[in-house]
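Observations on chain architecture
One letter stands for each residue in the lines below.
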Amino acid sequence: MPRYARNGDVSLAYDVVGEGDRDILITFGWIGSFQSAWDVPAHARWMERLAGLGRVIVWDKRGTGLSERVPPDRLPTLEERMDDMRVVLDAAGSEQAVALGISEGASLSAVFAATHPDRATGLILLGGFARTLYDDDYDWAPTAETSTSFNERVGESWGDAAWMLRLWAPTLADDPVAQEQWNQMLVVGGTPSTAVAWLRMVQDTDVRHVLPAIRVPTLVLHRAEDRIVTVQHGRYLGEHIPGARYVELPGDDHLWWTEGDDILDEVESLITGTTGAHSTDRVLATVMFTDIVDSTTRAAQLGDRRWRDLVEEHDKLVRSRLDRYRGREVKTLGDGFLATFDGPGRAIRCAADLRDSVRRLGLELRAGLHTGECEVSGDDISGIAVNIGARVGATAEANEVLVSQTVKDLVAGSGLDFQDRGEHELKGVPGSWRLYSVGAG
């Protein structure tokens, strides 16, 4: 029987099966529903064997399955889904769990494990990917044009989509019972417009820059002949996550339960070996640097006392916005702040709010944001991500919030407006960096 957790006004359907000292949080891909798992005997058997390893927590992402339905133009961002994972864990009474992400759920689970290593005892990525579309160093992936045609066919055939089984599960493609179960899973998962909107959102997402920040024990599983998420995606994950164990399995079914015993053998190996504590002094975070523009000139114009009063008002305003957007003040830096966020969307909205709010004080502010791995030492942070954030902030102009490509890629589907500011050399940071200016609120 489904249970419900609430994240604000959103109801999230989840269930818990099995028992034991280990918790396993499963995040399915695309628009599946855990209810469908119990309706397909082979899938139910797969889940039951997994539940023999510990408590299995399954959930439906908002907008899909039994969870709160949302309009196709308001699908949850990666950040919102990551918050939902945390809420579901809390509702299930789980302090820590192995995050098992399947297909599109793998990207989400990877970001969760990097951002919340205190909640993830391990990470399993099954049939996953870091991005879905072609790029210069990702040249095995389909182009945007090919994906658009695919999306259109998905929307047009919803409810009668047996053709997709030849991609997702070739071994079941000619089985009429499997075809009926497949169509039922899709219909339960979401509407045609939601399915297409979800595909588009996933195609805009890129978590490649997150992978080096994953520090929990990680297992990457991929079938060698997978047709819908080709094996190069899995190899990329295995090569770019530090210490990950990559296992390439025979077969061409993307659906994990069709011939799933070999998958569960590998899953069991990781889960039974990851019960110990691991270091959490390195985490994925979005760093925000803010700075008052021309502060020296303004101080000279106002005099020491009036300037000090104005800076105090500025500091109170910044701290109130950090509270509102769940940011953490790290320290003040002259006339600015260094803060961190566990989600890039909140960081952008906080910076944009500050940019607009300080104007009533007669001040101009600039801000720079970057997402990357940070080393935590007490209340302070350090590392290359912090250095990049500082350089991005130094590049920003008055009344501008400037973000790195990494930040932009992680907020796909958020509705935030960005203007491309081109490639930049950041002092002391190797390579060139594409930066984006955040549009006016």
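To be clear, the structure that these remarks concern was listed above.
These remarks concern the structure in this document. (Residues numbered from 1 in each chain as written. Predicted model: local features only at pLDDT ≥ 70, side-chain atom pairs only at ≥ 80, totals over all residues. Heavy atoms only, no water.)

Before going further, it helps to spend a moment on the overall build of the protein chain. Scanning the protein chain from N- to C-terminus turns up 15 helices and 16 strands. On C-alpha atoms alone, the protein chain measures out to a radius of gyration of 23 Å, which is about the 22 Å that the 2.2 N^0.38 rule sets for 441 residues. Each principal axis of the C-alpha distribution contributes one length, and for the protein chain these read about 80 × 45 × 40 Å. Here the contacts in the protein chain between residues at least 6 apart in sequence split such that 74% fall between residues at least 24 apart. For the protein chain, the accessible area works out to roughly 18200 Å², and carbon and sulfur atoms hold 46% of it. (Helix = DSSP H or I, 4+ residues; strand = E, 2+ residues; numbered from the N terminus. Rg over C-alpha atoms; globule rule 2.2 N^0.38 Å. Contact = heavy atoms within 4.5 Å. Areas by Shrake-Rupley, 256 points an atom, 1.4 Å probe, with all protein chains shown as cover.)

A word on the state of the cysteines. One pass over the full model with this rule turns up 0 disulfides. This cysteine, Cys 350, is not joined by any disulfide, and Cys 374 carries the nearest cysteine sulfur, 16 Å off. (Disulfide = S-S within 2.5 Å.)

This part covers the pattern of salt bridges. Applying the stated criterion to the full structure yields 38 salt bridges. Of the charged contacts in the structure, one is a salt bridge between Asp 174 and Arg 166, with a shortest N-O distance of 2.4 Å. Here Arg 166 falls in the partly exposed class, since its relative accessible area comes to 44%. In this structure, Arg 223 and Asp 262 form a salt bridge, with 2.8 Å as the shortest nitrogen-oxygen distance. Taken together, the positions of Arg 223 in strand E7 (residues 218-223) and Asp 262 in helix H10 (residues 261-271) put the pair 39 residues apart, joining distant regions of the chain. Through salt bridges with shared partners, a single ionic network connects Glu 79, Asp 83, Arg 86, Arg 326, Asp 342 and Arg 346. (Salt bridge = Lys/Arg side-chain N within 4 Å of Asp/Glu carboxyl O. Buried < 20%, exposed > 50% of the residue type's maximum accessible area, 1.4 Å probe, protein only.)

Let us look at the sheet that holds strand E1 (residues 3-7). If you trace the 8 strands from one edge of the open sheet to the other, you get E1-E2-E4-E3-E5-E6-E7-E8, paired in mixed fashion. The sheet is open, and its two borders are formed by E1 and strand E8 (245-249), each paired with just one other strand. When strand polarity is set aside, the average angle formed by the axes of neighbouring strands in this sheet is 25 degrees. For E7 and E8, the ladder comprises 5 bridges, and the chain directions are parallel. (Pairing = 2+ DSSP bridges. Axes fitted to C-alpha atoms, helices over the stretch in contact; angles between N-to-C directions.)

Position of Leu 322 relative to the elements: it lies in helix H12 (residues 304-324). Exposure remark for Leu 322: the relative accessible area of 3% places this residue in the buried category. Here the alpha-carbon distance between Leu 322 and Leu 354, two residues 32 residues apart in the chain, equals 9.5 Å. With residues up to four places along the chain from it excluded, the contact list for Leu 322 reads Met 288, Gly 327, Glu 329, Ala 339, Phe 341 and Cys 350.

Within the secondary structure, Ser 103 is located in the loop between strand E5 (97-102) and helix H4 (104-115). In contact with Ser 103, other than residues within four places in its own chain, are Gly 29, Leu 126, Gly 127, Gly 128, Phe 129, Val 229 and His 254.

What follows is about the nonpolar core. In this structure, Ile 26, Trp 30, Leu 50 and Met 164 are the most contacted members of the largest nonpolar core, which totals 99 residues. Counting residues per element, this core draws most heavily on H4, which supplies 7 residues. If sequence neighbours within four positions are ignored, Trp 30 has contacts with Lys 61, Thr 64, Glu 104, Val 154, Trp 158, Met 164, Trp 168, Leu 186, Ala 195, Trp 198 and Leu 199. (Core = buried A, V, L, I, M, F, W, Y, C linked by side-chain atoms within 4.5 Å.)

The subject of this paragraph is unusual backbone geometry. The backbone of Trp 30 sits at a positive phi, close to 50 degrees, despite the residue not being glycine. For Trp 30, the position within the fold is in the loop between strand E3 (23-27) and helix H1 (34-39). Judged by its relative accessible area of 10%, Trp 30 is buried. Non-glycine residue Asn 399 carries a positive phi angle of around 60 degrees. As for its placement among the helices and strands, Asn 399 is situated in the loop between helix H14 (384-395) and strand E14 (400-404). Taking the relative accessible area as the measure of exposure, Asn 399 reaches 23% and is therefore partly exposed.

Both the distance between ring centres and the angle between the ring planes are used here to describe each pair of aromatic rings. With the rule as written, the count across this model stands at 10 aromatic pairs. Pairing Trp 140 with Tyr 236 gives two aromatic rings, centres 6.0 Å apart and planes at 50 degrees, and the pair type is tilted. Of the two residues, Trp 140 is situated in the loop between strand E6 (120-126) and helix H5 (144-156) and Tyr 236 in helix H9 (residues 231-240); the sequence distance between them amounts to 96 residues. With a relative accessible area of 10%, Tyr 236 lands in the buried category. Consider the rings of Trp 256 and Trp 257, whose centres lie 4.9 Å apart with planes at 90 degrees: the pair is edge-to-face. (Phe/Tyr/Trp six-rings, centres within 6.5 Å; stacked < 30°, edge-to-face > 60°.)

Before going further, it helps to examine helix H8 (residues 192-203). Compared with an ideal rise of 1.5 Å per residue, which puts 12 residues at 16 Å, H8 spans 17 Å between its outermost C-alpha atoms and is within 8% of the ideal. When you tally the buried positions in H8, you get 9 out of 12 residues, the bulk of the element. Looking at H8, one finds that the buried residues are Thr 194, Ala 195, Val 196, Ala 197, Trp 198, Leu 199, Met 201, Val 202 and Gln 203. Packed against the buried residues of H8 are helix H3 (78-91), H4 and H5. (Expected span 1.5 Å × (residues − 1).)

Along the polypeptide, Thr 194 turns up in helix H8. On the accessibility criterion, Thr 194 (4% relative accessible area) is buried. In contact with Thr 194, other than residues within four places in its own chain, are Gly 63, Pro 72 and Leu 75.

This part covers the environment of Gly 234. Within the secondary structure, Gly 234 sits in helix H9. What Gly 234 contacts, discounting residues up to four positions off in sequence, is Gly 128, Val 220, His 222 and Tyr 246.

The next thing to look at is the packing of helix H11 (residues 295-302) against H12. At a minimum axis distance of 6 Å, the contact between H11 and H12 shows a crossing angle of 130 degrees. What the angle tells us is that H11 and H12 run oblique. Two packed elements cross with a definite hand, and for H11 against H12 that hand is right-handed. Facing H11, whose interface residues are Ser 295, Arg 298, Ala 299 and Leu 302, H12 presents Asp 304, Arg 306, Trp 307 and Leu 310. Its residues assigned to classes, the contact of H11 with H12 shows 4 nonpolar, 1 polar and 3 charged. (Parallel < 35°, antiparallel > 145°, perpendicular 65-115°, else oblique. Left-handed = near helix turned anticlockwise from the far one by under 90°. Nonpolar A, V, L, I, M, F, W, Y, C, P; charged D, E, K, R; others polar.)

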